[in-house]
Amino acid sequence: MTERTVEILEDSDRFVFPWQLAIPNTYPAGVVGSKFLIELRDNKKIKGIKCPECNQVYVPPRSTCKYCFGELSELVDVSDKGTLVTYAVSYEPTPVQPVEGTPVIYGIVKLDGADTGFVHMLGEVDPKQLEIGMRVKAVFKTKKKRVASILDIKYFKPLKI
Amino acid sequence: MAERVGIVAVAQTKYQPNRDEVNAGELVWETIEPVMKEAGVRFTNDDGDGDIESIVTCSQDFWDGMTISSMGVMSFTGGHHATEDKIAEDSLNALFAAYAQILSGHFDMVLVSTHTKESMGDRSIIESAAFDPVMMRPLGLDFFIAAALQARRYMDKYGVTAEQFAKVAVKNRGNGMKNPVAQEPMNITVEDVLKSKMLVDPIHQLDTKPISDGSIAMILAREEKAKKLTNKPIWITGVSNCYETHYLGDRDLAECDALVTAARRAYKMAGITLPAKEIDIAEIADEYSYQELLWMEGLGLCGRGEAGRLIDAGVTQIGGKLPVNTSGGMLSGNPNVVAGMARVAESVLQLRGEAGERQVPGASVALAHGTTGACGAHQCVMTLSNK
Ligand SMILES: [Zn+2]
């Protein structure tokens, strides 16, 4: 938030050197993570993974249970609808936000059939109307724009009853 | 624990928004030189009695814009004369590592140095890179947005209010007025905080800390040596840390299980059974105002959902029963990473009776807390005593 001005540097005999490191990486999504992304892309379905030992359904799926550390493989469907657990409304643009403009609204949604919250954005809602406990539903991008990414879900919007 | 480890020397820079006139190494030297002088110790390769044997550094590579950021400051930290290790989390963990090095029997005296020049980097980009790159990072999360998710959940679950958060900002920035190293002390009102710009709802501009540059150095020594080096050693009596699970949706963000665990272990080491009664002052990471309240609960200084009432009642003010963040806290301006050792620096000053205008009379047991990552992902707790 500090304003970096060129003046400070021009008015003095001190120099700072701007440098932008560009570091290419590839991140494996893992076996169950990849299946989750494929389901988003191909079928607009949100998959969780079940630990039969602990009777927990995790979304997104991961290959190890955080309680018993057992290896997980039982992918299950969870709903594209859920309940808003918390939200945040970002009015300041950031260099990392994936969408144009502000506010960007973030939320954690407990999807029906899941035991964990799902972190994503909210849309088609006035920030003033946001309420914890409100029912929301996933809005997917069009088939053409889905590329097996968490952003294949555009956002969650309020579910009109 | 039979053997004790004492902090024998402490120095911190004044925290400032943009130290363009010094590089990271020069910033580090501003605090290393005074602690070496205070303790009367030196760097040589002779391994003599007055030699620093080990140095633990603490910096974050993304803030420094440099892989292995300890290398960038090495010629100033004395790493070419001693054993050197680098910690990448909050600097409270660097003190933990130095403490363990001494208790292990390997070293009698260890120098700990931490620095961050937040002005060198972009907070949002750096924090975003800490998130799982497949499931969370593409969403554009940073720690600020994550903090807002946590604050909202905390408000909803326990009925804590924006006014109570604002009271923390007012108290801490007010305490900062009495601390010569504070960056942005302010005499403000709750209304000022609530009227300041809403950045990420529910967090206002004045609920957050300013961008800050600074460094801290400390020297730790085994008991016998500590007593030779200073007549006011401050003893580390307990320390522990613990992690939360990474995926934010896995957590109830109104809870802080890792902090509860870290605190329980630290108190057990220190023999503290009633923390709210036995601790005289607490320095708690308050990058966002709500965090002071939530972490107080995690630290067992009050029951769940009770911290809001304590701030209302003035319990945590200087002059209250349990002063919290007499230094002015992170809200008055401390860099990330450095923040945890800033909490200890204030604790040491208070326990030595050297905290000037903000001195809490008779303070003898202090609690210092540091955290790293989104929503208190990693939590470290240390207790200190002057007895
Ligand atoms: Zn399990």
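Residues numbered from 1 in each chain as written. Chains lettered and ligands numbered in written order. Predicted model: local features only at pLDDT ≥ 70, side-chain atom pairs only at ≥ 80, totals over all residues. Heavy atoms only, no water.

(A) Structural detail: the overall build of chain B. Counting its secondary structure elements, chain B contains 15 helices and 11 strands. Against the compact-globule benchmark of 21 Å for 387 residues, chain B has a radius of gyration of 19 Å, which places it among compact chains. Expressed along its principal axes, the backbone C-alpha trace of chain B runs to roughly 60 × 45 × 35 Å. A burial count over chain B gives 65% of its 387 residues as buried. Side chains of chain B carry 36 positive and 51 negative charges; the gap between the two charge centres is 5 Å. (Helix = DSSP H or I, 4+ residues; strand = E, 2+ residues; numbered from the N terminus. Rg over C-alpha atoms; globule rule 2.2 N^0.38 Å. Buried < 20%, exposed > 50% of the residue type's maximum accessible area, 1.4 Å probe, protein only. Lys, Arg positive; Asp, Glu negative; His and termini not counted. Charge placed at Lys NZ, Arg CZ, Asp CG, Glu CD.)

(B) Expanded view of the overall build of chain A. If you tally the helices and strands in chain A, you get 2 helices and 8 strands. A total of 161 residues make up chain A; the buried ones form 40% of that total. Across chain A, the fraction of contacts at a sequence separation of at least 24, relative to all contacts at a separation of at least 6, is 53%. As displayed, chain A offers around 9,700 Å² of accessible surface, 52% of which is attributable to carbon and sulfur atoms. Distance between charge centroids for chain A: 10 Å, based on 23 positive and 20 negative side chains. (Contact = heavy atoms within 4.5 Å. Areas by Shrake-Rupley, 256 points an atom, 1.4 Å probe, with all protein chains shown as cover.)

(C) Expanded view of helix α8 (residues 162-176) of chain B. Residues and elements named next belong to chain B. If you check α8, its first and last C-alpha atoms are 21 Å apart, about what 15 residues at 1.5 Å a residue would give, namely 21 Å. By the criterion of burial, α8 is predominantly enclosed, with 11 of the 15 residues buried. Inspection of α8 places Q164, F165, A166, V168, A169, K171, N172, R173, G174, N175 and G176 among the buried residues, and these make up the whole buried set. (Expected span 1.5 Å × (residues − 1).)

(D) Just the pairing of strand β6 (residues 117-122) of chain A, in detail. Residue and element names in this part refer to chain A. Of all the 6 residues making up β6, 6 are buried; the element is thus mostly covered by neighbouring parts of the structure. The pairing of strand β5 (residues 104-111) with β6 spans 6 bridges and is antiparallel. Within β6, the residue paired with I108 across the bridge is V119. Between the end of β5 and the start of β6, which pair antiparallel, lie 5 residues, with G113 showing a positive phi angle near 95 degrees. (Pairing = 2+ DSSP bridges.)

(E) Quick peek at the pairing of strand β8 (residues 234-243) of chain B. All names here are of chain B. Counting buried residues along β8, 7 of its 10 residues qualify, which places the element largely inside the surrounding structure. Summarising the sheet, β8 and strand β11 (residues 378-385) pair through 8 bridges and their orientation is antiparallel. Each bridged residue has a counterpart across the sheet, and for G238 the counterpart in β11 is T383.

(F) Here's a closer look at the packing of aromatic side chains. Residues and elements named next belong to chain B. All told, the structure shown has 7 aromatic pairs over all chains when counted by the stated rule. Members of the aromatic cluster, each reached through a chain of ring pairs, are Y154, Y158, F165 and Y290. The ring of W235 carries the charged tip of R4 above its face, separated from the ring centre by 4.2 Å. (Phe/Tyr/Trp six-rings, centres within 6.5 Å; stacked < 30°, edge-to-face > 60°. Lys NZ or Arg CZ within 6 Å of the ring centre and 35° of its normal.)

(G) Expanded view of the nonpolar core. Grouped together as the largest cluster of nonpolar side chains are 100 residues, with contacts concentrated most on I46(A), F156(A) and L248(B). Membership of the second largest hydrophobic core comes to 39 residues, among which are L95(B), V110(B), M218(B) and I281(B). (Core = buried A, V, L, I, M, F, W, Y, C linked by side-chain atoms within 4.5 Å.)

(H) Seen up close, the interface of chain B and chain A. On the side of chain A, 43 residues touch chain B, which itself brings 41 residues to the contact. Taking both sides of the interface into account, the surface hidden between chain B and chain A amounts to around 3,600 Å²; carbon and sulfur atoms contribute 65%. The largest contributions to the chain B side of the interface with chain A come from D20(B), M135(B) and L139(B), which together make up 19% of the buried area. In this structure, the connection of chain B to chain A is made through 2 salt bridges. Between K197(B) and E92(A) there is a salt bridge, and its shortest N-O distance comes to 2.9 Å. Put simply, the parts of the chain that give the side of chain B that touches chain A at least two residues each are α6 (123-128), α7 (143-158) and β5 (198-201) of chain B. (Buried area = accessible area lost by both parts, 1.4 Å probe. Salt bridge = Lys/Arg side-chain N within 4 Å of Asp/Glu carboxyl O.)

(I) The sheet that holds β8(B), seen in detail. Residues and elements named next belong to chain B. Taken in spatial order, the 9 strands of this open sheet run β3-β2-β4-β7-β1-β8-β11-β10-β9, and their pairing is mixed. Looking at the sheet topology across the chains shown, the edges are occupied by β3 (83-87) and β9 (281-283). Ignoring which end each strand starts from, the neighbouring axes of this sheet average 25 degrees apart. Direction of pairing for strand β2 (residues 54-58) relative to β3: parallel, over a ladder of 5 bridges. Bridged to C58 within β3 is I87. Together, β8, β10 (365-372) and β11 form the strand contacts of helix α11 (residues 257-270), whose direction differs from that of β8 by roughly 150 degrees. (Axes fitted to C-alpha atoms, helices over the stretch in contact; angles between N-to-C directions.)

(J) Local environment of the sheet that holds strand β2 (residues 56-58) of chain A. Residues and elements named next belong to chain A. Taken together, 3 strands build an open sheet; the order of strands is β2-β1-β3 and the sheet is antiparallel. The sheet is open, and its two borders are formed by β2 and β3 (74-78), each paired with just one other strand. The average undirected angle you get between the axes of adjacent strands in this sheet is 40 degrees. Sheet topology note: the strand β1 (residues 46-51)/β2 ladder contains 3 bridges and is antiparallel.

(K) Summary view of the pattern of salt bridges. Applying the stated rule across the entire model yields 36 salt bridges over all chains. One salt bridge in this structure joins D42(A) and R41(A), with 2.7 Å as the shortest N-O distance. On the basis of relative accessible area, D42(A) is assigned to the partly exposed category, the value being 34%. Note on R41(A): relative accessible area 31%, which makes it partly exposed. With its nearest N and O atoms 3.7 Å apart, the salt bridge here joins R251(B) to E244(B). On the accessibility criterion, R251(B) (10% relative accessible area) is buried. Salt bridges linked by common partners bring R153(B), K157(B), D252(B), E255(B), E297(B) and R304(B) together as one network.

(L) Up close: the side chain of R152(B). By the element assignment, R152(B) lies in helix α7. In this structure the side chain of R152(B) is engaged in a polar contact, spanning 3.0 Å, whose partner is the side chain of D201(B). (Polar contact = N/O pair within 3.5 Å; in protein donor to acceptor, adjacent residues only side chain to side chain.)

(M) Broad picture of helix α15 (residues 339-352) of chain B. Across its 14 residues, α15(B) extends 20 Å between first and last C-alpha, which sits within 8% of the 20 Å expected from 1.5 Å per residue. Of all 14 residues in α15(B), 14 are buried; the element is thus mostly enclosed.

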